[in-house]
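Here is what each chain is made of, one letter per residue.
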Amino acid sequence: MVVAGSVGVKKTARIVYLTLFATASSIGLSACQSDPDIDITKLTGEAESPDTLYNQGLANLNAGKVGEAGRKFEAVDRQSPFSDQARKSLVMLAFTNYRQGRNEEAITAGKRYLSLYPGSEDAAYAQYIIGLAYWKQIPSVTQDQRASQQTMEAMQAVVDNYPNSEYVEDAQAKIRFARDQLAGKEMQIGRYYLERKEYIAAATRFRVVVEKYPMTNQIEEALARLVETYYAMGIDSEAQTAAAVLGHNYPDSQWYSDSYKLLQTKGLEPRENSGSWIARAGKKLIGA
């Protein structure tokens, strides 16, 4: 009797356990199926081959499931770090991170790829992704422009190290944008000093634009502001030289017209002093 009772208890406990397990599994599966970007294959507990995981990552990417694609590529890199699929997955991981706005993670994955496979066929792409991730973080000119500098450096590496790659043209465009941002930041600070009549500090900022960022859309204003700044300081020769360089390169510019009128209030006119730093810098300008 005692034995039979024990068996009955055990049998009942087993039924309850199986019922609870089935219910929990059903709930879990239902929840997974309701999420469009969750991988239900993880419930099998079976390890998948690197090739299978990589192809699943591509399939998810093509289906627009970028998050799940990234998890597949990350799984390849984690489970089979020395496989060829791991190499390909690492650069794709950089891309999926970038697509999700995870820029720092994209940069980390891209740099890791370059450290492991510097001479591979996807090295140019990895470097390009790094540049794009920095570029995405560029703020307005009113904020710190560290990301602009990092964008320039990363994209210049694409141009210098992979000159025949398909990414060079866009890399150069991103460099121009970042350079304009850096020049714009210098102009913002320069105008701030000029408004407060801190002329030496203002001239220093405008000089940076003329000498360091001549191939930008800030150059005309920078030269005009130098005319204004040197004029206010009473350094007429430099003011005249800045106006002459501005007029030589951009004769139809409104900035030149305004600078010319300013000089005339003192009976002056644009005149280049060949010994001035402005004249030397003028030879590198867009319109030179």
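Residues numbered from 1 in each chain as written. Predicted model: local features only at pLDDT ≥ 70, side-chain atom pairs only at ≥ 80, totals over all residues. Heavy atoms only, no water.

Moving on to the packing of helix α6 (residues 123-135) against helix α8 (residues 168-195). Their axes nearest at 11 Å, the elements α6 and α8 cross at an angle of 30°. Put simply, α6 runs roughly parallel to α8. In this structure, α6 crosses over α8, and the sense of that crossing is left-handed. Along its contact with α6, which presents Tyr 128, Leu 132 and Trp 135, the element α8 presents Asp 170, Lys 174 and Phe 177. (Axes fitted to C-alpha atoms, helices over the stretch in contact; angles between N-to-C directions. Helix = DSSP H or I, 4+ residues; strand = E, 2+ residues; numbered from the N terminus. Parallel < 35°, antiparallel > 145°, perpendicular 65-115°, else oblique. Left-handed = near helix turned anticlockwise from the far one by under 90°. Contact = heavy atoms within 4.5 Å.)

Our next topic: the pattern of salt bridges. Inspection of every chain in the model, using the stated rule, returns 15 salt bridges. Residues joined by salt bridges that share partners form a network here, namely Arg 191, Glu 221, Arg 225 and Glu 228. (Salt bridge = Lys/Arg side-chain N within 4 Å of Asp/Glu carboxyl O.)

A few words on the packing of aromatic side chains. Taken as a whole and assessed by the stated rule, the structure comprises seven aromatic pairs. Pairing Tyr 192 with Tyr 193 gives two aromatic rings, centres 5.6 Å apart and planes at 70°, and the pair type is edge-to-face. On the basis of relative accessible area, Tyr 193 is assigned to the partly exposed category, the value being 22%. Among the aromatic residues, those joined into a ring-pair cluster are Phe 95, Tyr 125, Tyr 128 and Tyr 167. Geometry around Trp 135 places Lys 174 over its ring, the cationic atom sitting 4.3 Å from the centre. Of note, Lys 266 hangs over the ring of Tyr 231, and the distance from its end group to the ring centre comes to 4.7 Å. (Phe/Tyr/Trp six-rings, centres within 6.5 Å; stacked < 30°, edge-to-face > 60°. Buried < 20%, exposed > 50% of the residue type's maximum accessible area, 1.4 Å probe, protein only. Lys NZ or Arg CZ within 6 Å of the ring centre and 35° of its normal.)

So, about helix α7 (residues 146-161). Every α-helix winds through 3.6 residues per turn, so residues three or four apart in the chain are directed the same way. In this model α7 runs 22 Å from its N-terminal to its C-terminal C-alpha over 16 residues, within 8% of the 22 Å that 1.5 Å per residue would give. Within α7, the full set of buried residues consists of Ala 147, Ser 148, Thr 151, Met 152, Ala 154, Met 155, Ala 157, Val 158 and Val 159. (Expected span 1.5 Å × (residues − 1).)

Our next topic: the nonpolar core. Core analysis: the biggest nonpolar cluster contains 75 residues, and Ile 129, Val 210, Leu 223 and Leu 226 have the highest contact counts within it. The residues touching Val 210, leaving out its near neighbours within four places in the chain, are Ile 219, Ala 222, Leu 223, Leu 226, Trp 277, Ala 281 and Leu 285. (Core = buried A, V, L, I, M, F, W, Y, C linked by side-chain atoms within 4.5 Å.)

Here we take up α8. In a regular helix each residue adds 1.5 Å, so 28 residues correspond to 40 Å; α8 covers 40 Å between its end C-alpha atoms and thus fits that length. Note on α8: the residue one or two positions beyond its end, Lys 197, has a positive phi of about 60°.

For the rest of this paragraph, the subject is the side chain of Ser 83. For Ser 83, the position within the fold is in the loop between α3 (66-79) and α4 (84-99). At a separation of 3.1 Å, a polar atom in the side chain of Ser 83 contacts the main-chain amide nitrogen of Ala 86. With residues up to four places along the chain from it excluded, the contact list for Ser 83 reads Pro 50 and Val 76. (Polar contact = N/O pair within 3.5 Å; in protein donor to acceptor, adjacent residues only side chain to side chain.)

With that out of the way, let us pick up the confidence of the model for the protein chain. Per-residue confidence for the protein chain gives a mean pLDDT of 87; residues scoring 70 or more make up 83%. This model gives residues 1-34 a pLDDT under 50, and the stretch forms four contacts once residues within four places in sequence are excluded. (pLDDT = per-residue confidence, 0-100.)

On the secondary structure map, Glu 74 appears in helix α3. Look at Glu 74 and you get partly exposed, because its relative accessible area is 40%. Put simply, Glu 74 and Ala 94 are 20 residues apart on the chain and 9.9 Å apart in space, counted from C-alpha to C-alpha.

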